[in-house]
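The chain contents come next:
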Amino acid sequence: MSARSKRMHRWSGWLFVSPWLLGLALLFVYPFVASLIWSFTEYDLLTSPRFVGIDHYERIVREIIQGKGFGKALWNTFYYAAVSIPLSIMLAIGLAVMLNWKVRGQAFFRTLFYLPSMVPMVASSILWLWLLDPRDGMVNGLLGFVYETPPLWFQGIQEGMSFSSPLQFGSKDGLTLMSLWGVGNFMLIYLAALGDVDASLYQAAELDGAGWLRKFRYITLPMLSPIIFFNLILGIIQSVQAFTQVYIVSEGTGQPAEASLLISLQLFLTAFRDLEMGYASAIAWVLFVVLALATWGLFRSSRNWVHYRGVRM
Amino acid sequence: MNKHSGKWKLLTLLCVSGLFLLPLFLMLLASVKPAEQLTSDPYSLLPESLRLQNYQEALQSIAYVKYLANSIVLCVCSVMGTVISCSMVAYGFARIEWRGRKVMFAILIGTMLLPWHVTMIPRFVLFSELGLYNHLAAIILPTFLGDAFYIFLLRQFFLSIPEEISEAARLDGLSEFGIYWRIILPLSKPALVTVAMFQLVASWNDFSGPLLYLSDHAKFPLAYGLEQFVSSYADQTHLLMAASVMFTLPMVILFFVAQKSFTRGITMTGSK
């Protein structure tokens, strides 16, 4: 290649990525800096921002201690993540293992299992809002045979399930149920990974007299561990970002009793209902730092339990 | 494996898929039930009489056609923007060598980890000041500026195309843009279709975008328009379900038509 065309080459590289560069500046760098600055100000969109120092961050610490506002939303999100992520990982692996069975109609079943994941979140929220209606909902219609007082689901005011009232499902449990229904994406990823597991490993284990449980524990699970790890990280991000379903099942309020006020909705309401842009920016930054720390911690711990074939990370 | 266990497996699969499909069936059944049945006998499974007028009524009470038109505009423009911008940027990262490429690519991956919360408010202020508030353009514009995840997927695909093809085209006097447009893009159809499908679904389903940026009913896409009726039609389950079916059906059909591209795209996500 001539020197001239090489120079052209370099120049054209920047030209090709220029749409994204513009996006980086407008949609990431500027907002990143602006929200950090605004988090130290009082800002209602109508008048210009007024510097208030670390007031907002103090308020966040106070609310976490008191368990109100941001603290309450953080707890709700934690509860939702702690229940829904492990359950959805188990369900996705379970379904993938089933789909990996050598039976007739495999592709057909895969399509059926995945179908709920194609239902738009708005439609599935409307659907589950009806199915989980405490009075007329089909789910309580079925549970009615078991329960004396059927669960209130999205109209429940309790924090979460407790020892004094087990199985009195509340709004966060309803959201969990919804997330389990739409577990198809990770199911497909696990299924693809199961297909990559070397069959000779199972044969060797069978020769050693291992049953299905031992094979699952010592071959399948380690082979899936990189994806479980990926699922865990994405699950945390998705719990923090869960918005559409939370908004719809509580009609955009997080009520009753702020039981379904997850962190995304709380942030949205603080910004666009209360017009407290400064405080909302501070919340966003605290969330960002918490998420980054959680991700970093998981990466650190992953060395002990995530098994990468051949390469150590 | 004996024949017996095969039967049990099939039975288990049937039961589980039944459980997964049940909510969809209930939605479909409720959408053709008479309104009275849903209130007087909420736990009954089958409709007393098939009432297809529910769909017609839903179309009339919810400005379905208007919302649908907005959704189509939103989807078509967003898919175009995504495919054009992401393929260009991916080409720049995959098939041209330039100084700073590695650093910029690391930054690109980094933006994937940034939660949208941090950027939401300043973006809103910026778009409002650009006069985009209450315009679909506020939701469409970002798709023309590339998306890190799609760029990453397309880059992986472009990297798998042999470099000799580009060299030969260069010798024939094709410009860099010519190679991208006439050689690489046609070779990458499967990957482009996957990205287009993902964006189509994302735009069809998008709720927070319209919630943030649109205030005028005449501009609402379906996802947001439908939500508006949840509170006002809370006791009209039959209409809500009919509208939900009409909103869901296009996605289900799309999935059946393009199942291969979806599955490939999703499994690619997991193999990094």
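Residues numbered from 1 in each chain as written. Chains lettered and ligands numbered in written order. Predicted model: local features only at pLDDT ≥ 70, side-chain atom pairs only at ≥ 80, totals over all residues.

Next up on the list: the overall build of chain B. When its secondary structure is counted, chain B shows 15 helices and zero strands. The C-alpha radius of gyration computed for chain B amounts to 24 Å, which surpasses the reference 19 Å derived for 272 residues by more than 25%, pointing to a less compact arrangement than a globule. Expressed along its principal axes, the backbone C-alpha trace of chain B runs to roughly 75 × 65 × 35 Å. The proportion of buried residues among the 272 residues of chain B is 39%. Taking the intrachain contacts of chain B between residues at least 6 apart in sequence as the baseline, contacts between residues at least 24 apart amount to 74%. (Helix = DSSP H or I, 4+ residues; strand = E, 2+ residues; numbered from the N terminus. Rg over C-alpha atoms; globule rule 2.2 N^0.38 Å. Buried ≥ 20, exposed ≤ 12 C-beta atoms within 10 Å, placed from the backbone. Contact = placed C-beta atoms within 7 Å.)

Next up on the list: the overall build of chain A. A tally of helices and strands in chain A yields 14 helices and two strands. Along the longest, intermediate and shortest principal axes, the C-alpha atoms of chain A span 80 × 75 × 35 Å. When each of the 313 residues of chain A is scored for burial, the buried share is 41%. Long-range contacts, defined as pairs at least 24 residues apart, comprise 63% of the intrachain contacts of chain A with a sequence gap of at least 6.

Let's shift gears to the interface of chain B and chain A. The partner chain A presents 67 residues to the 68 residues of chain B that form the contact. If you list the elements that add at least two residues to the side of chain B that touches chain A, you get helix H1 (3-30), helix H4 (64-95), helix H5 (101-113), helix H6 (116-129), helix H11 (189-205), helix H13 (222-232), helix H14 (237-257) and helix H15 (259-270) of chain B. The element contributing the most residues to the side of chain B that touches chain A is H1(B), with 13 residues. In terms of residue class, the side of chain B that touches chain A is built from 41 nonpolar, 20 polar and seven charged. (Nonpolar A, V, L, I, M, F, W, Y, C, P; charged D, E, K, R; others polar.)

A few words on unusual backbone geometry. Residue and element names in this part refer to chain A. The amide bond that connects Gln255 to the next residue, Pro256, takes the cis arrangement and shows omega of 0°. One can find Pro256 in the loop between helix H12 (244-249) and helix H13 (263-272). In this structure, Trp153 is a non-glycine residue whose phi angle is positive, near 50°. With respect to the helices and strands, the residue Trp153 is situated in the loop between helix H7 (138-143) and helix H8 (171-181).

With that settled, the discussion passes to the nonpolar core. Counting residues in hydrophobic clusters, the biggest one holds 114 residues, and the most contacted among them are Ile126(A), Met187(A), Tyr190(A) and Ile283(A). Tallying contributions element by element places helix H4 (residues 70-99) of chain A first for this core, with 13 residues. Contacts of Ile283(A), omitting those with residues within four sequence positions, involve Ile60(A), Phe70(A), Leu267(A) and Thr270(A). In terms of nonpolar packing, the next biggest core, distinct from the first, is built from 30 residues, Trp20(A), Ile151(B), Leu154(B) and Ala196(B) among them. (Core = buried A, V, L, I, M, F, W, Y, C linked by C-beta atoms within 7 Å.)

Moving on, we come to the confidence of the model for chain B. Of all residues in chain B, 98% have pLDDT values of 70 or greater, and the mean over the chain is 91. Two numbers describe this predicted complex: its pTM, 0.91, and its ipTM, 0.92. (pLDDT = per-residue confidence, 0-100.)

To describe two helices that pack against each other, one gives the angle between their axes and the distance between the axes. Interhelical geometry of helix H2 (residues 18-38) of chain A versus H6(B) gives an angle of 105° and a closest axis separation of 8 Å. The angle between the axes of H2(A) and H6(B) places the two elements in the roughly perpendicular class. Every residue of H6(B) that contacts H2(A) at Leu26(A), Leu27(A), Phe28(A), Tyr30(A), Pro31(A), Phe32(A), Ala34(A) and Ser35(A) is listed here: Val118(B), Thr119(B), Ile121(B), Pro122(B), Arg123(B) and Leu126(B). Classifying every residue of the contact of H2(A) with H6(B) gives 11 nonpolar, two polar and one charged. (Axes fitted to C-alpha atoms, helices over the stretch in contact; angles between N-to-C directions. Parallel < 35°, antiparallel > 145°, perpendicular 65-115°, else oblique.)

Residues and elements named next belong to chain B. Interhelical geometry of H5 versus helix H8 (residues 148-159) gives an angle of 135° and a closest axis separation of 9 Å. With respect to their mutual orientation, H5 and H8 come out oblique. Considering only the axes of H5 and H8, their crossing is left-handed. Contact residues: Leu108, Ile109, Thr111 and Met112 in H5; Ala148, Phe149 and Ile151 in H8. Partitioning the contact of H5 with H8 into residue classes produces six nonpolar, one polar and no charged. (Left-handed = near helix turned anticlockwise from the far one by under 90°.)

Segmentation of chain A into domains returns domain 1 (3-33) and domain 2 (55-305). Averaged C-alpha coordinates put domain 1 of chain A and domain 2 of chain A at centres separated by 37 Å. (Domains from an automatic or database assignment.)

On to the environment of Pro221(B). Residue and element names in this part refer to chain B. Take Pro221: it is sitting in the loop between helix H12 (208-213) and H13. Since 27 C-beta atoms lie within 10 Å of it, Pro221 is described here as buried. Note: C-alpha distance between Pro221 and Ser175 (46 residues apart in sequence) is 40 Å.

Below, the discussion takes up helix H5 (residues 106-114) of chain A. Residues and elements named next belong to chain A. Within the span of H5, buried status applies to Phe109, Arg110, Phe113 and Tyr114. For H5, the arc enclosing every buried residue in end-on projection is 130°, short of the 170-degree limit, so these residues lie on one face. Those residues of H5 that are exposed and aimed more than 90 degrees away from the buried face are Ala107 and Phe108. (Arc of directions from axis to C-beta.)

As a further point, take the environment of Gly81(B). Residues and elements named next belong to chain B. If you trace the backbone, Gly81 turns up in helix H4. Exposure remark for Gly81: the 21 C-beta atoms within 10 Å place this residue in the buried category. Separated by 157 residues in the primary sequence, Gly81 and His238 have C-alpha atoms spaced 37 Å apart. Once you skip the residues sitting within four places of it in the chain, Gly81 turns out to touch Ile140, Thr143 and Phe144.

The next point concerns the environment of Leu224(A). In this fold, Leu224(A) is placed in helix H11 (residues 212-241). Accessibility expressed as a C-beta count within 10 Å gives 25 for Leu224(A), which makes it buried.

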